[in-house]
Every structure is written in C-alpha cells, then in structure tokens.
Amino acid sequence: MSFLSHFFQFLKRVLISFKQNQGLLLAGAIAYYTLLSLIPLVTLSIVALSHIIDEQELLDIVQSNLSLLFGTQAHSVAQQMHIFLENRQTVGGVGLIILVFFSSMAFTVLENAMSVIFFHRVQVHRRHFLISAIIPYMYILISGICILFLAIVSGALDMLHGQVVTILFWSIELDEFTGTILYLFGLFGLTLLLTSFYMVMPVGKIPFRHALIGSFCVAILWELTRHAMVWYFTTLSMVNIIYGSLTTTVVALVFLEVAAIILLFGAQAIAEYERMQQEQHDLALIDLDKKS
C-alpha cells in the first residue's frame, strides 16, 4: 500500500509539473515541426543511401518503420517520399540546403522543449550555442546510419528467405519471423533513440540507467497507445468524412502529437525524480547541520 501511495503521489507531482510547463503546448510544437521535418529528413537519407542500396528497398524499410508512428497512414507518407525522389533532379544546391535546414528543425524544437522540462538544470548549466547547432545535424547523420543498418538486416533476412533454423528442439521457418524480427529491431531502435534524447537533449548529464528505464517505459506505452489509435482510426473514426484529402496530414499530426506528449511526459518523470532526489539530499544536509 505504501508503494502505491508513493507512486500516485509521484504521478500527481509529475502531472502538475507537466501542466505548469505547458506540456501539451510543447508537444503540439514538436508534432508540427516533426511533420515538417520528417519527409525531408528521411528523403535526404534515402538519396544518400541510394548510391549503396536499392531505392525501393530503402522505401520499404522506411515505410515499415514509419508504421510505428503513423500506423496505416505510413503508406501515404512513403508514397509522398517516392514522388519527391522521382523529381529530385529539380532540387538544386539551394534546395538541398533548405531541405537540410527543415530536416533539423524538429530536433531544435525538441531540445528547446527539453530545456523547459529540465529548467532546474538550465539554471545551473549552460550549453554552448555551437553544441546546440550541431546536435540536430548529428541526429540527421544517426538517422541515415539507422536506415542503413536496417537495410543490411533486411537484406540478410531476405537471403535466408524460406530457410528453416533449428534451435534445440524448436524449428523456426524464417518467413514467419522476418516481419517479427524487423518489428523488434524497430522497437529496439526506438528505445535507443529515446534514450539518446533523454541523455543528449537536456543540459547536463542524465544517468544512463534513468534514461534507459524511462525510454523503455515510454516505448511500451507508445506501442499500446499506437495500437489503440490505429484501431480507433480504422473502426470508429469519421476522419475520412470530415477532413477528406487532408486525412493523411491530420492523422499523422495526431499520431505525432500523442507521441510527443508521451515523450515529454517521460522526460518530466525523469526531471521530477531528479528534483525529488535533490530535495532529499538538501533535507539530509539540513538535518546534519542541525545535529552538528
């Protein structure tokens, strides 16, 4: 009972701080700029990697991983990327610079939102503006590396297509598990990405254990929420009737905002845990001074 009482008190504290920090407003800004940045970001990665790996294979990999964010709307997003790739000859040097700039905006806004959540760190530490400028482009590079890694794994699984692997007394046909393996890789990659967000975006150093536990809980919560949203939009929602041709944009924005809310809520939980530890430490010092 004591554990549940402490848990609900902590949850109440997180909710109050999340509201005070305008968490929903911050999540809306992240969702908007992520939607603005996502297609240029992934498209640039595909253009760069298409010199190494088949373009259509890259698009298929991107679509399967975007389904973790957009559900059934991932096909429409991937189709828009395909249209852009077909007309990429029209993009000159200035257009490329603009694409790179828009690709970085989501990470810049996320860093600013994290600074609001972890305001107690900003009061103590300051980050050099050059580091803040480099972080978005570092994540652009990491995104390309992740897509390349997934392409290599996908190619390796295709080479084993139709084969049967025996582990102890259990025979596994790889055709049945290829999709599951790619899904698990996507979930694992999402957890690592969230961990990096919690460790890199806030000013100062967050313990890896705190970031990993928080990102794992956020990834699981997002998966449960995503499946519920996919079920809602495919069975009960009238979004197609209400928004017509804007349906893909609206659904994508809703998915991104819910994901941003969960991401920032996880960050708020980590921040509140840090502040609780600091408060306990300060109280312990006060008690020690009184005794002395």
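Please read these numbers as outputs of a predicted model, since none were measured by experiment. (Residues numbered from 1 in each chain as written. Predicted model: local features only at pLDDT ≥ 70, side-chain atom pairs only at ≥ 80, totals over all residues. Heavy atoms only, no water.)

## Here we look at the overall build of the protein chain
From N to C terminus, the protein chain includes 11 helices and 2 strands. Counted from the first residue to the last, the protein chain has its helices and strands arranged as α-α-α-α-α-α-α-β-β-α-α-α-α. Out of the 292 residues belonging to the protein chain, those deemed buried represent 37%. Counting only contacts in the protein chain whose residues sit at least 6 apart along the sequence, the fraction spanning at least 24 positions is 79%. A total of about 17,100 Å² of accessible surface is found on the protein chain, and carbon and sulfur atoms cover 70% of it. (Helix = DSSP H or I, 4+ residues; strand = E, 2+ residues; numbered from the N terminus. Buried < 20%, exposed > 50% of the residue type's maximum accessible area, 1.4 Å probe, protein only. Contact = heavy atoms within 4.5 Å. Areas by Shrake-Rupley, 256 points an atom, 1.4 Å probe, with all protein chains shown as cover.)

## Remarks on the packing of aromatic side chains
Inspection of every chain in the model, using the stated rule, returns 5 aromatic pairs. An aromatic cluster is present here, built from Trp-222, Tyr-232, Phe-233 and Phe-255 joined pairwise through their rings. (Phe/Tyr/Trp six-rings, centres within 6.5 Å; stacked < 30°, edge-to-face > 60°.)

## Examining the pattern of salt bridges
Taken as a whole, this structure holds 3 salt bridges when the rule is applied. The salt bridge involving Glu-223 is made with Arg-226; its shortest N-O contact spans 3.0 Å. Note that Glu-223 and Arg-226 are positioned in helix 9 (residues 208-235) at a spacing of 3 residues, about one turn of the helix. Of the two residues examined, Glu-223 and Arg-226, each falls in the buried class. As a salt-bridge pair, Arg-275 and Glu-272 come within 2.3 Å of each other at their nearest N and O atoms. Highlighted residues: Arg-275 and Glu-272, both in helix 11 (residues 247-291), separated by 3 residues, approximately one helical turn. Of the two residues, Arg-275 and Glu-272, both sit in the buried class. Through salt bridges with shared partners, a single network forms among Arg-13, Glu-272 and Arg-275. (Salt bridge = Lys/Arg side-chain N within 4 Å of Asp/Glu carboxyl O.)

## Some points on the environment of Glu-257
Structurally, Glu-257 can be placed in helix 11. For Glu-257, a relative accessible area of 29% translates into the label partly exposed. When the C-alpha positions of Glu-257 and Leu-35 are compared, they lie 9.7 Å apart, and in sequence the two are 222 residues distant. Not counting the four nearest positions on each side in its chain, Glu-257 is found in contact with Leu-24, Ala-27, Gly-28 and Ala-31.

## Notes on the nonpolar core
With 39 residues, the main nonpolar core has Met-114, Phe-118, Phe-197, Tyr-198, Met-201 and Leu-264 as its most contacted residues. Elements that contribute at least two residues to this core include exactly helix 2 (23-49), helix 5 (93-117), helix 7 (129-159), helix 8 (174-200), helix 9 and helix 11. The element best represented in this core is helix 11, accounting for 10 residues. One finds Val-42, Ile-46, Val-62 and Leu-66 within the second-largest nonpolar core, a separate group that totals 13 residues. (Core = buried A, V, L, I, M, F, W, Y, C linked by side-chain atoms within 4.5 Å.)

## Overview of the confidence of the model for the protein chain
Mean pLDDT for the protein chain: 76, with 77% of residues reaching 70 or above. Predicted confidence for residues 165-169 stays below pLDDT 50, and this span has 6 contacts to residues more than four positions away or in other chains. (pLDDT = per-residue confidence, 0-100.)

## Regarding unusual backbone geometry
Of note, the phi angle at Gln-22 is positive, near 55 degrees, even though the residue is not glycine. For Gln-22, the location among the structural elements is in the loop between helix 1 (2-20) and helix 2. Exposure remark for Gln-22: the relative accessible area of 47% places this residue in the partly exposed category.

## Digging into the packing of helix 2 against helix 4 (residues 74-86)
Running from N to C, helix 2 and helix 4 cross one another at 55 degrees; their axes reach a closest spacing of 10 Å. It follows that helix 2 is oblique to helix 4 by the angle criterion. Here the hand of the crossing between helix 2 and helix 4 comes out right-handed. Seen from helix 2, the contacting residues are Leu-38, Ile-39, Val-42, Thr-43, Ile-46 and Val-47; seen from helix 4, they are Val-77, Gln-80, Met-81, Phe-84 and Leu-85. (Axes fitted to C-alpha atoms, helices over the stretch in contact; angles between N-to-C directions. Parallel < 35°, antiparallel > 145°, perpendicular 65-115°, else oblique. Left-handed = near helix turned anticlockwise from the far one by under 90°.)

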